[in-house]
Amino acid sequence: MTDASAPPDAPQPAGGPGRRRAPGPGRSRWLAAGGVAVLAGVLGLTLALRAGATPACAAPLGVVAPFGVAVPAAAPPVGGTVHKGKATFYDSKGAGGNCSYPSAPANRLYVALGPSEYAAGAACGGHLDVTGPKGTVRVLVMDQCPECAPGHLDLSREAFARIADPVQGVVSVSYRAVVDPPLPGPLAFRIKEGASRYWFAVLVADHGNPLRAVEVRQGDSGGWRAADRQDYNYWLVESGVGPGPFSIRVTDVHGHRVTAGGVRLTPGQVQRGTVRMYGGATAGGGRPATRSASPRPSASPSPRASSPRPSPSAAPASAGPSAPVAPVVPLAAEAPAAGCRN
């Protein structure tokens, strides 16, 4: 992960065989002299193209490189458009990838996308139908492949075996984003370790489509605070929201919007309410379940990350009315039946 604004305990991409790390920060600088700078730019661009470097690695996404070479803006696959590309495979060793899920899905069907399609976490939690020589498999977007070019899917070994013979190693595929895939259950929330009334970060799971926005407020009334998506898939309110419980409003890329209430400030635990992202909510009108389960902390998003408690930086918000408590359950306990990454 390369986001310098992330907190010290931000999870890193999963390690182990087959998993690749983000490229280092070493990037050529333009020389001061005008003529030499132009020559260096030409040579640098030529060498990058000859080496097969993707535009996403040549310059920050969404900007224009030297000599008017446009770099495509990062965006996750959405809308059901069919894309052509290639697929390889790797093993996350049970970890939940750069999307920070506590673990890989129970069915082991997941995918890592290159930076332009991972889009700084915007693709997390979405699903792709991938078709290869042997058939089609549905996978959950769970990880980032830092060196993968647009159209290069790095599937789990199990998912790759559904569409091709693993002996091939790399195969041509077509793929499309799944619109409104079946949901495994209501939305789930995980407050990040180190969170307090002064610093808030939440992971949202089981939303089906990629998310567009997450907003948080203290209690059931008051103004909504927009959370900022981090590239490791947590939604951050840097100055905090208050002591909780919280209402969290979630909007996906297809316009579905729901609100879950009663989310407690219990870092490291997964809370599941009663509201689904689409398809109707269970009884209670979007309120969380009133029955509690014994807290069972889920695994840390990254075994290499510590969770120091941030220093207070803002006054707490006033507490809202009390709300029913959502049950705490392992996030991986209700993995989607039809190919989820987490």
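Cut-off values and rules
The numbers attached to residues start from 1 for each chain and follow its sequence in the written order. A pLDDT threshold of at least 70 governs which residues receive local features in this predicted model, and a stricter bar of 80 or more applies before side-chain atom pairs are shown or counted, although totals over entire chains, interfaces and linings include all residues. The side-chain values count all of the structure's non-hydrogen atoms but skip hydrogen atoms and water molecules. The classification of residues rests on relative accessible area computed with a 1.4 Å probe and restricted to protein chains. Under 20% of the type maximum is buried, over 50% is exposed, and intermediate values are partly exposed. Here a strand is any run of E in DSSP of at least two residues, a helix any run of H or I of at least four, and the numbering for each starts at the N terminus. Any two strands with at least two DSSP-identified bridges between them are counted as paired. Each axis is a line fitted through C-alpha atoms, taken for helices only over the stretch in contact, and angles between the N-to-C directions span 0 to 180 degrees. Buried residues of nine kinds, namely Ala, Val, Leu, Ile, Met, Phe, Trp, Tyr and Cys, make up a nonpolar core once their side-chain atoms join them within 4.5 Å. Any two residues whose heavy atoms approach within 4.5 Å are treated as being in contact.

A look at the pairing of strand S3 (residues 127-132)
Phase 1: Counting buried positions over the six residues of S3 gives five, a clear majority of the element.
Phase 2: For S3 and strand S4 (residues 135-144), the ladder comprises six bridges, and the chain directions are antiparallel. Among the inter-strand pairings, His 127 is bridged to a residue of S4, identified as Leu 140.
Phase 3: The hairpin formed by S3 and S4 contains two residues between the paired strands.
Phase 4: Where S3 lies against strand S6 (residues 171-177), four bridges are found, and the strand directions are antiparallel. The partner of Asp 129 across the bridge, within S6, is Arg 176.

Notes on the sheet that holds strand S5 (residues 152-156)
Phase 1: Pairing in this closed barrel of six strands is mixed, and the strands run S1-S5-S2-S4-S3-S6 around the ring. On average, each strand axis in the sheet is inclined to that of its neighbour by 45°, with strand direction left out of account.
Phase 2: Here three bridges tie strand S2 (residues 110-113) to S5, and the two strands are oriented antiparallel to one another. In the strand pairing of S5, Val 111 is matched with Leu 155.

Looking at the nonpolar core
Phase 1: Membership of the largest hydrophobic core comes to 65 residues, with the highest contact counts inside it found for Leu 128, Val 130, Val 139, Leu 155, Phe 189, Phe 200 and Ile 248.
Phase 2: Considering every element that reaches this core, the biggest residue donor is strand S8 (residues 200-205), with six residues.
Phase 3: Other than its neighbours up to four places away in sequence, Leu 128 contacts Pro 77, Val 111, Leu 113, Val 137, Arg 138, Val 139, Val 141, Leu 153, Tyr 175, Arg 176, Ala 177 and Val 178.

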